[in-house]
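# Structural characterization, general
Listed here are the chains, written in short residue letters.
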Amino acid sequence: MAIEHTDGRLAADGLSTRQPPTFKREIRIVVFAGLLIWLVIGSVVAVIGKREWDGTMDVVQSTATTVSRLLAGQSDQLLLNADLIRDHAERIVGDADPFGVDRATYDDLVQLISRSTAIVSIWVGDAAGNAVLTTREFPAPRLNAGDRAYFTTVRDDPDRLFIGNLIDTQYPAEALLINTSRRLSQADGTMRGFIQISLDPATISRTFQQVEIGFDASLWWIGPEGQALIREPALPPEQLDDQMPPGAADWPKNWSNDRAYTIPSADVLNVESGVDGKERMFFWSDAPLYGSRIVVGVSRAAMEARWLAQMMWITAFALVVGMASMVILWLLYRSRARNQAYATMLENDVRDRTRDLAMAIEQKDVTMQELSHRVRNAFATILALTRLMLRSSDTIEDFRDDFPARLEALARCHLVLVDAKVRNKAQIVDLVQASLAPYRNDSTRIDIAGPEVELSSNATLGVGLVLHELVTNAVKYGSLSAPDGAISVHWEPQDDGIRLIWLETGGPVVVPPTGSGSGTMIIDRAAAMFGGSFARDFAADGVRAELMIPPPPVS
């Protein structure tokens, strides 16, 4: 069977590992059909969601607008009723100067306000702002309104109607009411006094409460001068102006009797509430007679919550439909694929066997190449070592004594390479431990430290020979020949390679050699094998050697 590499894939006698084109095409069709189904379902859900939201918006807009128009008209009715009562009260107090303040006048005013549940009290004051007569009590208390807005407003403008709240008052109940006042003038136009009427806005609040707008709806009645009069749900009177919708007094006019009413732009409708800081949608109408503004606000978050609750059920149903469609689509595909299962199984079996055979042959070739490379390197190293020792040994007995130990050091280096299980690579710590293993009876005598560093095959053999020579000299003449001797082998990465330090302590006094022996020649030749450098210092307290190992070449 002919086996070859083709574009990174293995092929044998025309068989390929590629999937059949038909299989890929069918998978693409199934995936495309599934995506199309989900796209259609998603589009339908999106359309339904938009219609649900638009429907909710239409209902809220219609209801809130209708309520604001209704309450704007109702606010005009309250203020108009207050003006009618004020006219009657003016006739009751008469045009005498000063005002008549007898008991009969007080009784007539009390009888007057009993005709309307919306009128709570009447106050009559003179041109200096002093209280002259009130339905609250008789005689009137000694109060002065000289610095109050309801007095200064009508004092400075004869035709002005003041509408506002009286927060700081002797009667706490007055703070919850809407206070209106008009000026009383003499025939020559000079100020004679004023009449203040307090209105109960409960009818406005009750009407709003009876309408089921939902969505955390709120009501604001804003006076013609932009002052907040009431809010439903209620707020303390002193907080009304600070917490009313930002800029509500400056919104465009929308008269409640305008049949061509249109929704203002979105940036006006959607503003943050001054009460809780959350976004609300506001709809408003302006009263045509007195210019009051009724604002109805709804929580956008509440609208979104209800819309999401509705969409959860719709989305869940859509998911069920989509999953059922996927199951049906998968069953259809499986029924078609089942007809080709047996042929595909045979094809895959042949393909797998062919691939395994090709990989086994390729692995065999790699193994043979590696074995040949290792054997050639081993013989070349042994031959070089033999020639070097023959030249450096004085007698055949010296050669016979030293050669086996150095050959054994080479063998240990090869074992380190094999045990590393990485082609042409070995850890330096394994090499050092293998060289010093016979002498590590006492762990305190030998100290080995350094990071994990990989060595090439040439560096492994060369470093192994250098370590063997250093260990041999330490056993014969150095620290390993004395009971208290110790050896430290440390290494660390440098910019130009690995720096290995050999340090002996506790041994006999070191006597520097007078010449270079065979060991020195072997160390120099071994360092040259991998392009390294070796330096040794024969200090009296112990030998110190430094071996520089260049970094392995980038493969």
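Preceding this paragraph is the structure being described.
In this report, we go over the structure that sits alongside the text. (Residues numbered from 1 in each chain as written. Predicted model: local features only at pLDDT ≥ 70, side-chain atom pairs only at ≥ 80, totals over all residues. Heavy atoms only, no water.)

## Description of the overall build of the protein
Rule in force here: Helix and strand assignments follow DSSP, with helices taken as H or I runs no shorter than four residues and strands as E runs no shorter than two, numbered in order from the N terminus. It only takes one pair of heavy atoms within 4.5 Å for two residues to be counted as in contact. All accessibility values rest on the Shrake-Rupley procedure with a 1.4 Å probe; residue burial counts only the protein chains present in the view.
Within the protein, the regular secondary structure consists of 12 helices and 19 strands. The long-range fraction of contacts in the protein, counting pairs at least 24 apart against all pairs at least 6 apart in sequence, stands at 61%. Approximately 30,600 Å² of the protein is accessible, and the part contributed by carbon and sulfur atoms is 56%.

## Quick look at the pairing of strand β14 (residues 446-449)
Counted only if it meets this: Each residue is assigned to one of three classes by its accessible area relative to the maximum for its type, calculated with a 1.4 Å probe on protein chains only: buried under 20%, partly exposed between the two thresholds, exposed over 50%. A pair of strands counts as paired when DSSP detects no fewer than two bridges linking them.
Alternating positions in β14 separate cleanly, Ile446 and Ile448 being buried on one face and Asp447 and Ala449 remaining unburied on the opposite face. Of the strand pairs in this sheet, β14 and strand β16 (residues 486-494) are connected by 4 bridges, and their pairing is parallel. From the neighbouring strand, aspartate 447 faces β16, where its bridge partner is serine 488.

## Topic: the packing of helix α10 (residues 428-436) against helix α11 (residues 457-476)
Here is the rule: Lines fitted to the C-alpha atoms define the axes, with helices restricted to the stretch that makes contact. Angles between their N-to-C directions range from 0 to 180 degrees. It is the rotation of the near helix from the far one that decides the hand of a crossing: anticlockwise by less than a right angle makes it left-handed, clockwise makes it right-handed. The nonpolar class holds Ala, Val, Leu, Ile, Met, Phe, Trp, Tyr, Cys and Pro. Asp, Glu, Lys and Arg form the charged class, and all remaining residues, Gly among them, are polar.
Packing of α10 against α11 leaves a shortest axis separation of 10 Å and a crossing angle of 35°. Crossing of α10 over α11 shows right-handed handedness. Taking contact as the criterion, the partners of Leu431, Val432, Ser435 and Leu436 in α10 are, on α11, Thr460, Val463, Gly464, Leu467 and Val471. The residue makeup of the contact of α10 with α11, split by class, is 6 nonpolar, 3 polar and no charged.

## A short note on the packing of aromatic side chains
To keep things clear, this is the line we draw: Paired rings are identified among Phe, Tyr and Trp, the last through its six-membered ring, by centres lying within 6.5 Å, and are further divided according to the angle between planes into stacked (under 30 degrees), edge-to-face (over 60) and tilted (the rest).
Counted under the stated rule, the structure contains 4 aromatic pairs. Between tryptophan 53 and tryptophan 307, the aromatic rings sit 6.0 Å apart at their centres with planes inclined by 80°, giving edge-to-face as the arrangement. Placement of the pair is tryptophan 53 in helix α1 (residues 21-93) and tryptophan 307 in helix α7 (residues 300-338), with a sequence separation of 254 residues. Residue tryptophan 53 is classed as buried on the basis of its relative accessible area of 17%.

## Re a nonpolar patch on the surface
What counts, and what does not: Nonpolar side chains (Val, Leu, Ile, Met, Phe, Trp, Tyr) within 5 Å and like charges within 9 Å form the patches, drawn only from residues with over 30% relative accessible area and no salt bridge. Within this document, salt bridges are pairs made up of a side-chain nitrogen of Lys or Arg and a carboxyl oxygen of Asp or Glu, the two lying within 4 Å of each other.
Where nonpolar side chains cluster on the molecular surface, the patch consists of Phe32, Leu36, Leu39, Val40, Val44 and Ile48 and spans about 540 Å² of accessible area. Judged by relative accessible area, which is 53%, leucine 39 ranks as exposed.

## Focus on the sheet that holds strand β4 (residues 131-134)
Across the sheet, 5 strands lie side by side as β4-β3-β7-β6-β5; this open sheet has antiparallel pairing. Whereas interior strands pair on both sides, the edge strands pair on one side only; in this sheet they are β4 and β5 (162-164). The average angle at which neighbouring strand axes cross in this sheet is 20°, direction not considered. In the packing of helix α2 (residues 103-113) onto the sheet, contacts are made with β3 (119-126) and β4, and the angle to β3 comes to roughly 145°. Of the strands in this sheet, β3, β5, β6 (178-185) and β7 (191-199) are in contact with helix α3 (residues 149-156), which crosses β7 at around 135°.

## As for the packing of α11 against helix α12 (residues 518-529)
Where we set the bar: Oblique is the label for any angle not under 35 degrees, not over 145, and not in the 65 to 115 range, which are roughly parallel, roughly antiparallel and roughly perpendicular in turn.
The contact between α11 and α12 brings their axes to 8 Å, and the two run at 160°. Our classification of the angle between α11 and α12 gives roughly antiparallel. In the packing of α11 onto α12, the handedness of the crossing is left-handed. Across the interface between the two elements, Asn458, Leu461, Gly462, Leu465, Val466 and Glu469 of α11 pack against Gly519, Ile522, Ile523, Ala526, Ala527 and Met529 of α12. Taken together, the residues of the contact of α11 with α12 break down into 8 nonpolar, 3 polar and 1 charged.

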